[in-house]
Amino acid sequence: MPQIYLYREPVDFRKSFRGLAAIVEQELGHNPFEGALYAFTNRRRDKIKLLYWEENGFVLYYKSLAEEKFHWPGGEEELVSLTGQQINWLLDGYNLGAMKGHKKLHYEATF
């Protein structure tokens, strides 16, 4: 599973893979060719683009919602790291801020 990053600020969706890769490199200081997955949204939050470098070229995934909006996480950081499960939840329309699992327990022994 690649590293997955969510870019919080809305972007101009006229940007192609080149424009999104420029954001990754120039604004975030990341190398877009290292195989991480980057998620972007538009101002209305009804579209999402995912950018991923796959060995010999960019893959650009685009999803446009007909009636709903994506629940884009708020916060102050420019970039948020997500898990594979979280990006799937986001694409399926779930609010990541409300998705909390049970707390993890750690035991040293059974007795």
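As a starting point, this report considers the structure included with it.

Cut-off values and rules
Residues numbered from 1 in each chain as written. Predicted model: local features only at pLDDT ≥ 70, side-chain atom pairs only at ≥ 80, totals over all residues. Heavy atoms only, no water. Core = buried A, V, L, I, M, F, W, Y, C linked by side-chain atoms within 4.5 Å. Buried < 20%, exposed > 50% of the residue type's maximum accessible area, 1.4 Å probe, protein only. Helix = DSSP H or I, 4+ residues; strand = E, 2+ residues; numbered from the N terminus. Contact = heavy atoms within 4.5 Å. Salt bridge = Lys/Arg side-chain N within 4 Å of Asp/Glu carboxyl O. Polar contact = N/O pair within 3.5 Å; in protein donor to acceptor, adjacent residues only side chain to side chain. Phe/Tyr/Trp six-rings, centres within 6.5 Å; stacked < 30°, edge-to-face > 60°.

A short note on the nonpolar core
Right, so step 1: In this structure, I48, L50, W72, L82, I87 and L90 are the most contacted members of the largest nonpolar core, which totals 14 residues.
Right, so step 2: Sort the elements by how many residues they give to this core and helix α2 (residues 84-92) lands first, with three residues.
Right, so step 3: With residues near it in sequence (within four places) discarded, I48 still touches F13, A39, F40, Y61, Y62, K63, F70, W72, L90 and L91.
Right, so step 4: L20, V24, Y38 and F40 belong to the second largest nonpolar core, which has 13 residues in total.

Section: the pattern of salt bridges
Right, so step 1: Following the criterion strictly, the structure yields four salt bridges and no others.
Right, so step 2: The partner of R14 in a salt bridge is D12, and the shortest N-O contact between them spans 2.8 Å.
Right, so step 3: Relative accessible area serves as the criterion here: at 35%, D12 is assigned to the partly exposed category.
Right, so step 4: Taken together, the salt bridges that share partners define one network made up of R44, D46 and K47.

Notes on the side chain of D46
Right, so step 1: Topologically, D46 is positioned in the loop between β2 (37-41) and β3 (47-53).
Right, so step 2: Only 2.7 Å separates the side chain of D46 from the side chain of N42, close enough to count as a polar contact.
Right, so step 3: At a separation of 2.8 Å, a polar atom in the side chain of D46 contacts the side chain of R44.
Right, so step 4: Apart from residues no more than four positions distant in its own chain, D46 is found in contact with K63, S64, L65, E68, K69 and F70.

Structural notes on the packing of aromatic side chains
Right, so step 1: Counting across every chain of the model gives seven aromatic pairs.
Right, so step 2: Taking the centre distance of 5.6 Å and the plane angle of 35 degrees together, the rings of F17 and F58 count as tilted. In this pair, F17 sits in helix α1 (residues 17-27) while F58 sits in strand β4 (residues 58-64), placing the two residues 41 residues apart along the sequence.
Right, so step 3: Summarising the aromatic geometry, the rings of F33 and F58 are spaced 5.5 Å apart at their centres and angled 45 degrees between planes, so their arrangement reads as tilted. Taken as a pair, F33 in the loop between α1 and β2 and F58 in strand β4 lie far apart in primary sequence, 25 residues in all.
Right, so step 4: On the basis of relative accessibility, which here comes to 46%, the residue F33 falls in the partly exposed class.
Right, so step 5: Ring-pair connections join several aromatic residues into one group, and the members of that group are F17, F33, W53 and F58.

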